[in-house]
Amino acid sequence: MRELPEAVTRLVGQGGADKFLEPHHIEAAHLVAGIFERALLRQRVTMSYDPARIGGQRGRNGQAELADSVENARTALTRLAQSIPADCWGVLCDVCIYNKGLQDIEAHRQWPRRSAKLVLRIGLDQVASLRGLGANAVGRTCSGLQSWLPERPPMFRDAQT
């Protein structure tokens, strides 16, 4: 897993009371970055000698060779983008994926100071709630043993008596 962007690590804070982002926000940021990495959407910066990319196979665009995990990650990323407000998704992408600073985002979008910080937290809250992440750990409501196998008879009947 790659490191968190500098903009997110600065918001975590050192002490207990001055934290702006909680652990479930950090986990949501990791989740967005991880899904993007699995989707293989990062731009290439070097030459690729793949025959599908250099014209070795005519009529194919290389999409057929993608693994199912890449396709699933792209689908998950699309669903995540559709379920979050557009401004929140834009800030999440800029910070968690492209590693932009909050001041750069505010300057580019002509937002007031510290507004990108709030939009980032709202976006991370939305991702956390969609993925079932919360500030407090909550276990299952029923903790009984569940199995699809029938109960096994004892191996040695004499040993039990």
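What counts and how
- Residues numbered from 1 in each chain as written.
- Predicted model: local features only at pLDDT ≥ 70, side-chain atom pairs only at ≥ 80, totals over all residues.
- Heavy atoms only, no water.
- Helix = DSSP H or I, 4+ residues; strand = E, 2+ residues; numbered from the N terminus.
- Buried < 20%, exposed > 50% of the residue type's maximum accessible area, 1.4 Å probe, protein only.
- Contact = heavy atoms within 4.5 Å.
- Axes fitted to C-alpha atoms, helices over the stretch in contact; angles between N-to-C directions.
- Parallel < 35°, antiparallel > 145°, perpendicular 65-115°, else oblique.
- Nonpolar A, V, L, I, M, F, W, Y, C, P; charged D, E, K, R; others polar.

It is worth spelling out the overall build of the chain at this point. Looking only at helices and strands, the chain features eight helices and zero strands. Each helix (α) and strand (β) of the chain, taken in turn from the N terminus, gives the series α-α-α-α-α-α-α-α. Buried residues in the chain amount to 30% of all 161 residues. For the chain, contacts bridging at least 24 residues in sequence account for 66% of all contacts bridging at least 6.

This part covers the environment of Val70. If you trace the backbone, Val70 turns up in helix α4 (residues 68-82). For the pair formed by Val70 and Glu37, sequence separation is 33 residues and the distance between their alpha carbons is 9.1 Å. Ignoring anything within four residues of it in the chain, the contact list for Val70 reads Arg38, Ala39 and Leu40.

Turning our attention to the packing of helix α5 (residues 86-97) against helix α7 (residues 115-130). Where α5 contacts α7, the two axes come as close as 8 Å, and the packing angle between them is 100 degrees. Relative to α7, α5 is oriented roughly perpendicular. On α7, the residues that touch Asp87, Cys88, Val91, Leu92, Val95 and Cys96 of α5 are Ala116, Val119, Leu120, Ile122, Gly123, Leu124 and Val127. Residues belonging to the contact of α5 with α7 are distributed by class as follows: 11 nonpolar, one polar and one charged.

Limitation: the analysis is restricted to geometry and does not speak to function.
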